[in-house]
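Residues per chain are reported as follows:
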Amino acid sequence: MQKRVMEEDFRKGEGRPQLLDLIPNERDWMVKDVGVGGKCFGVSEEKKLELRLGLPGDEDWSSVKEKREEHSIESALSLGHYSKVSKTIGTNPSSVGAKRGFLDTVESKTEVFQQQQQQQPGFLQLQAKGKELSQKTNGRAEQQSLEKKACGSPAAHGSAAAPCGDGAGANNSSQTRTAPTPVVGWPPIRSFRRNLASISKPSFESQNGGPETAVKFKNGRKGLFVKINMDGIPIGRKVDLKAYDSYEKLSLVVDELFQGLLAAQRDPLTAGTQKNPEEKQAITGLLDGSGEYTLVYEDDEGDRMLVGDVPWDMFVSTAKRLRVLKSSELSASSLGAVSRKRTAT
Amino acid sequence: MTYFPEEVVEHIFDFLGSHRDRNAVSTVCKAWYGVERLSRRSVFVGNCYAVRPERVVARFPGVRSLSVKGKPHFADFNLVPDDWGGFALPWIEAFARGGLGLEELRLKRMVVSDESLELLARSFPSFKVLVLISCEGFSTDGLAAIATHCRVLRELDLQENEVEDCGPRWLSCFPDSCTSLVSLNFACLKGEVNAAALERLVARCPNIRTLRLNRAVSVDSLSKILARAPHLVDLGTGSFTIDHHAEAYHRLINNFTKCKSLKSLSGFWDASPRCLPAVYPICGNLTGLNLSYAPAIQGADLIKLIRLCLKLQRLWVLDCIGDKGLAVVASTCKELQELRVFPSDVCGVGTAAVTEEGLVAISSGCPKLNSLLYFCHQMTNAALVTVAKNCPHFTRFRLCILDPGKPDPVTNQPLDEGFGAIVQSCKDLRRLSLSGLLTDQVFLYIGMYAECLEMLSIAFAGDSDKGMVYVLNGCKNLRKLEIRDSPFGDAALLEDVGKYETMRSLWMSSCYVTLKGCKTLAAKMPRLNVEVINERDESDEMEENPSDLRRVEKMYVYRTVAGPRNDAPDFVWML
């Protein structure tokens, strides 16, 4: 089925050759989707950041809108493309779009309703209802509503817009960062089923890491995502510790994650034009203290530890977040914590 | 027919099993009414507010078995406020006062207090069967009363209730003389259980065939219980967590192997995949399997288990089974009649675990499928059409696409055609739940084709009043209609007010119905109770509108011969 091909294309990134320049190992990456957005909007690195975190800004949103309306919507492939594009857009621009979507539908509904109601207050109710509905969508990633809106505009307005609007009300495919505002009583399951995945007791095999473990991988595996921040870079990332089995791999991943960001920070003027990874400096020596940066983590007791000190499995089960610190700053702060820990034991 | 003596007529009526048949014969003539009412042993009350308990007692003095349902179905999803009603006490009181020899009581979605359970236990010496489904309001102390006083108790079946835990004492209240238990299900209890008391109880009840344990029961205990009760037919395991190297595990396997009669398995709380081989010996006999509480059983382990269950007729799983897993079900479980796939990741973050492909695979592999509850991330018209062709025997078809109002992702069309195909093909369809992007067209199809439809659930669907009207006009056998978040208003509501007297109930929430519409309905139909449920504070933005034109948040309409109820809380307006 064409749709299936589409899905696999997206997983492998075949439909988007531009990805290869930016993200060598896209399989395991959550930022993969962003690559599409990056290409679409030109300045790859900075747009990658924006889109990932949903930096608000109407001007961004309208440029997105323009780009998207340029594309035709007929083929299923573009539809799929749309869905990927829209997924990359952060919450804030989306909510603007969603509200527009609703006002569209509210207006169309008004026509229908005014035929039935003789009095003006009916319209007010619709407006209020529209507000109600759009309030329900705030806090959810509205990328699907964008899709519908885009799809709705070339299609017939009026009756088509109304179901689109209804449908855009509450969708589930949110980003990992924002917990979607649930629609009351939806999906229609009993309350005891809602928390099954998170309340199952840890088994002998694995230790659940907390809220991050609710996020699942595309291939069905449960991920263990922890935040990772780098000194000097305001934007953090997330890594799935369960995707790796050694410190070396983790170090490589961190390097790949932040290389581009670091380059952009250093020289924002040239960052956009630099597409060649060889020109960027690799972040090395994260584990042995030899590099400019060192990788540390916060464990479940709140202590800051050097990454690499404990066996990998123990690290995975106790690490709560990661930081990439400047090695020069390391001796001042975290080693203090480490030595405190040692004296305590 | 007056030349038949009443005894003969009564004897003939004995052959009438269903409530509907008995209800029908009672309307033939006075004589038959008389015979029927005195010989009636079992009464089913679909809506506890449709008739007064005293009236039931007066009409059917010989009743031994009573079933009553309380809250509307959407209460399961927290759409009905807690204190709405549905109290069991008036029923138990009426029967106690009436001196009836009640032996069986089945309650669903009702508020049952410990006081009611105590009264029940003490009032009916022959009481044998208590089944509580989706009820609340009681604690384990109430269960203690039942255990203590019901000397000939055969069944204590607690399904998905909210039970307050007051300790494990209740189980020990079954006297040593209690040997009559056939069925014991306390899977929904959250608290600890006295393992020794449980094991002793099982040991002294030789007829026990159904036993569903709660999460607190360890595998060790399960092992011992299996050893004592190898004739079990239906087992709900406790927490199925063991270190698979331990001796406990080996004992467990041995004991499972001895249970040659086991047909149904459920529970598996906290089950980890490594424990599953313990049940392999009996998988070949299973007709029912419920793994929907076990999110840790996925992928290859799950598939391995399913491949052994050749006789499976009823399967409940989580959607982490995936389309691939469903394909395995399709190729293995040729006898499958009922499938339920529950969502494991409700927040919607993560993968699309099952899609239309899984359902299509099931439909082509399992032609006997007649009951479906399927939560998925997407569905296509093409898939639904295929399913309709493959499985024309559906009696229950409930599809829930997790994203409300989502269209066919391939064609971007509404799912009208797909559901249309279902109702057209499945002539025996009695229950249908819709989801996804739907226009009025789907309701036209439903009205045209779904002749046997008795219950319809609608959410985030339709464009205009026409949709609802199509359904009301078309579905002759409609008994329950529940609608949420759909653009149906007063015009639809008032189109055919007589229809509601042919139905048990109508629920509408977050629709366009106004207070005026409800009042009009109530005025026109005195034998309907029109309840408006308002939880919100009155002083919100709607205040500037004239009050009657305000939309009602929730409305529940039902036919009744009991008149307006007197136990409604403040936020429920009886119009």
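Along each chain, numbering runs from 1 in the same order as the chain's sequence is written. Chains and ligands are labelled by the order in which they are written, letters from A for the one and numbers from 1 for the other. Per-residue local features are limited, in this predicted model, to residues with pLDDT of at least 70; the limit for side-chain atom pairs, both in listing and counting, is 80 or more; totals at the level of whole chains, interfaces and linings are taken over all residues. Computation of side-chain values: all heavy atoms of the structure, hydrogens and water removed.

> Residues and numbers for the overall build of chain B, please.
The secondary structure listing takes helices from DSSP runs of H or I that are at least 4 residues long and strands from runs of E that are at least 2 residues long, numbered from the N terminus. When helices and strands are counted, chain B shows 21 helices and 23 strands. Exposed residues in this analysis have more than 50% of their type's maximum accessible area, buried residues have under 20%, and partly exposed residues fall in between, with area computed by a 1.4 Å probe over protein chains only. Of all 575 residues assigned to chain B, the portion counted as buried reaches 60%. In chain B, of all internal contacts separated by at least 6 residues, the share reaching a separation of at least 24 is 71%. All accessibility values rest on the Shrake-Rupley procedure with a 1.4 Å probe; residue burial counts only the protein chains present in the view. Carbon and sulfur atoms form 51% of the exposed surface of chain B, whose accessible area is close to 21400 Å². We call two residues contacting when some pair of their heavy atoms lies within 4.5 Å.

> Mind laying out the overall build of chain A, listing which residues take part and the relevant values?
Counting secondary structure elements, chain A contains 17 helices and five strands. Taking all 345 residues of chain A together, the buried fraction comes to 51%. Within chain A, contacts between residues at least 6 apart in sequence are counted, and of these 61% link residues at least 24 apart. Of the accessible surface of chain A, which amounts to about 16300 Å², a share of 53% is contributed by carbon and sulfur atoms.

> Give a detailed account of the state of the cysteines, specifying residues and quantitative values.
One covalent bond between the sulfur atoms of two cysteine residues makes up a disulfide. All names here are of chain B. When the sulfur atoms of two cysteines come within 2.5 Å, that pair is taken as a disulfide. Under the counting rule described, the total for this entry stands at zero disulfides over all chains. Looking at Cys178, it has no disulfide partner, and the nearest cysteine sulfur is the one in Cys205, 4.8 Å off. Taking the relative accessible area as the measure of exposure, Cys178 reaches 1% and is therefore buried. Distance from the sulfur of Cys426, which forms no disulfide, to the nearest cysteine sulfur (Cys391) is 7.7 Å. Judged by its relative accessible area of 2%, Cys426 falls in the buried class.

> Can you break down the nonpolar core residue by residue, with the values?
By nonpolar core we mean a set of buried residues, namely Ala, Val, Leu, Ile, Met, Phe, Trp, Tyr and Cys, connected to one another through side-chain atoms within 4.5 Å. Counting 184 residues, the largest nonpolar core has Phe240, Phe256, Phe397, Ile446 and Leu506 of chain B as its most contacted members. Dropping the residues within four chain positions of it, Leu506 of chain B is found in contact with Met468, Leu481, Ile483, Leu493, Tyr500, Met555, Tyr556 and Val557 of chain B. By size, the runner-up hydrophobic cluster in this structure holds 31 residues, among which are Ile233, Tyr293, Leu295 and Trp312 of chain A.

> Would you mind going over the packing of aromatic side chains in detail, with residue names and values included?
Residue and element names in this part refer to chain B. Between the rings of Phe, Tyr and Trp (Trp by its six-membered ring), a pair exists once the centres lie within 6.5 Å; its type follows the angle of the planes, with under 30 degrees stacked, over 60 edge-to-face, and the other angles tilted. Per the counting criterion, the structure on display carries 23 aromatic pairs over all chains. Taken together, the ring pairs in this structure connect Tyr49, Phe74, Phe77, Trp84, Trp507, Tyr556 and Tyr558 into an aromatic cluster. Lysine and arginine charges are scored as sitting over a ring when NZ or CZ, respectively, is within 6 Å of the ring centre and within 35 degrees of the ring normal. The ring of Tyr49 carries Arg565 above its face, with NZ or CZ at 4.4 Å from the centroid.

> Could you give an account of the pattern of salt bridges, with specific residues and numbers?
Salt bridges, as used here, are contacts in which a Lys or Arg side-chain nitrogen is within 4 Å of a carboxyl oxygen on Asp or Glu. Here the structure, examined in full by the defined rule, presents 27 salt bridges over all chains. As a salt-bridge pair, Asp76 of chain B and Arg190 of chain A come within 3.8 Å of each other at their nearest N and O atoms. Taken together, the residues Asp76 of chain B in the loop between strand 2 (65-69) and helix 5 (89-97) and Arg190 of chain A in the loop between helix 10 (161-167) and helix 11 (191-194) connect one chain to another. For the pair Asp76 of chain B and Arg190 of chain A, one class covers both residues: buried. Between Arg106 of chain B and Glu104 of chain B there is a salt bridge, with the nearest N and O atoms lying 2.7 Å from each other. The exposure class assigned to Arg106 of chain B is partly exposed, which follows from its relative accessible area of 28%. Residues joined by salt bridges that share partners form a network here, namely Arg190 of chain A together with Asp76, Arg109 and Glu160 of chain B.

> So what's going on with the UniProt feature "domain: COI1 F-box" (unreviewed entry) in chain B? Which residues, and what values?
Per the UniProt record, the feature "domain: COI1 F-box" (unreviewed entry) sits at residues 3-41 of chain B. Overall, residues 3-41 of chain B shows 67% helix and 0% strand. The separation of its end C-alpha atoms is 25 Å. UniProt positions are given in the numbering used here, feature names are shortened, and annotations may be inferred rather than shown by experiment.

> Please set out a nonpolar patch on the surface residue by residue, giving values where relevant.
Residues and elements named next belong to chain B. The patches described consist of residues with a relative accessible area above 30% and no salt bridge, like charges being joined within 9 Å and nonpolar side chains (Val, Leu, Ile, Met, Phe, Trp, Tyr) within 5 Å. Taken together, the side chains of Phe4, Val8 and Ile12 define a hydrophobic patch exposed on the protein surface, amounting to about 220 Å² of accessible area. Structurally, Ile12 is set in helix 1 (residues 6-13). For Ile12, a relative accessible area of 39% corresponds to the partly exposed category.

> Describe unusual backbone geometry, with residues and values.
Of note, the amide linkage connecting Trp186 of chain A to Pro187 of chain A takes the cis form, showing an omega dihedral of -5°. Position of Pro187 of chain A among the secondary structure elements: in the loop between helix 10 and helix 11. Despite not being glycine, Arg109 of chain B has its phi angle at roughly 55°, a positive value. Among the structural elements, Arg109 of chain B can be located in the loop between strand 3 (104-108) and helix 6 (114-123). On the basis of relative accessible area, Arg109 of chain B is assigned to the buried category, the value being 9%. In this structure, Asp270 of chain B takes a positive phi of about 55° despite not being glycine. Exposure remark for Asp270 of chain B: the relative accessible area of 10% places this residue in the buried category.

> How would you sum up the packing of helix 9 (residues 195-204) of chain B against helix 10 (residues 219-228) of chain B? Please name residues and give values.
The relative placement of two packed helices comes down to the angle between their axes together with the axis-to-axis distance. Residues and elements named next belong to chain B. Between N-to-C directions, angles cover 0 to 180 degrees, with each direction set by a line fitted to C-alpha atoms, over the stretch in contact for helices. Interhelical geometry of helix 9 versus helix 10 gives an angle of 15° and a closest axis separation of 9 Å. One way to sum up the angle between helix 9 and helix 10 is to call them roughly parallel. Between helix 9 and helix 10 lies a crossing whose hand is right-handed. Mapping the contact onto sequence places Ala195, Leu198, Glu199, Val202 and Ala203 in helix 9 and Ser221, Lys224, Ile225 and Arg228 in helix 10. Across the contact of helix 9 with helix 10, the residue classes break down as five nonpolar, one polar and three charged. In these notes the angle categories are as follows: under 35 degrees is roughly parallel, over 145 is roughly antiparallel, 65 to 115 is roughly perpendicular, and the rest is oblique. Crossing handedness is defined as follows: a turn of the near helix away from the far one that is anticlockwise and smaller than a right angle gives a left-handed crossing, while the clockwise case is right-handed. Polarity classes work like this: nonpolar for Ala, Val, Leu, Ile, Met, Phe, Trp, Tyr, Cys and Pro, charged for Asp, Glu, Lys and Arg, and polar for all others, with Gly in that last group.

> Quick rundown of the packing of helix 10 of chain B against helix 11 (residues 247-258) of chain B? Include the residues and the values.
Residue and element names in this part refer to chain B. As a packed pair, helix 10 and helix 11 sit with axes 9 Å apart at the nearest point and diverge in direction by 30°. For the element pair helix 10 / helix 11, the angle class is roughly parallel. The chirality of how helix 10 crosses helix 11 is left-handed. Two secondary-structure elements touch here, helix 10 through Val219, Asp220, Leu222, Ser223, Leu226 and Ala227 and helix 11 through Ala248, Arg251, Leu252, Asn255 and Phe256. A breakdown of the residues in the contact of helix 10 with helix 11 according to their chemical character gives seven nonpolar, two polar and two charged.

> Would you mind going over the environment of Asn207 of chain B in detail, with residue names and values included?
Residue and element names in this part refer to chain B. Following the sequence through the fold, Asn207 ends up in the loop between helix 9 and strand 9 (210-212). Judged by relative accessible area, which is 41%, Asn207 ranks as partly exposed. The spatial distance from the C-alpha of Asn207 to the C-alpha of Arg154 is 9.2 Å, given a sequence separation of 53 residues. The residues touching Asn207, leaving out its near neighbours within four places in the chain, are Leu181 and Val182.

> Just give me the short version of the side chain of Thr395 of chain B, but keep the residues and values in it.
Residue and element names in this part refer to chain B. Note on placement: Thr395 falls in the loop between helix 16 (381-390) and strand 16 (396-401). Here Thr395 falls in the buried class, since its relative accessible area comes to 13%. Thr395 has contacts with Asn370, Asp428, Leu429, Arg430 and Arg431, leaving out every residue within four places of it along the chain.

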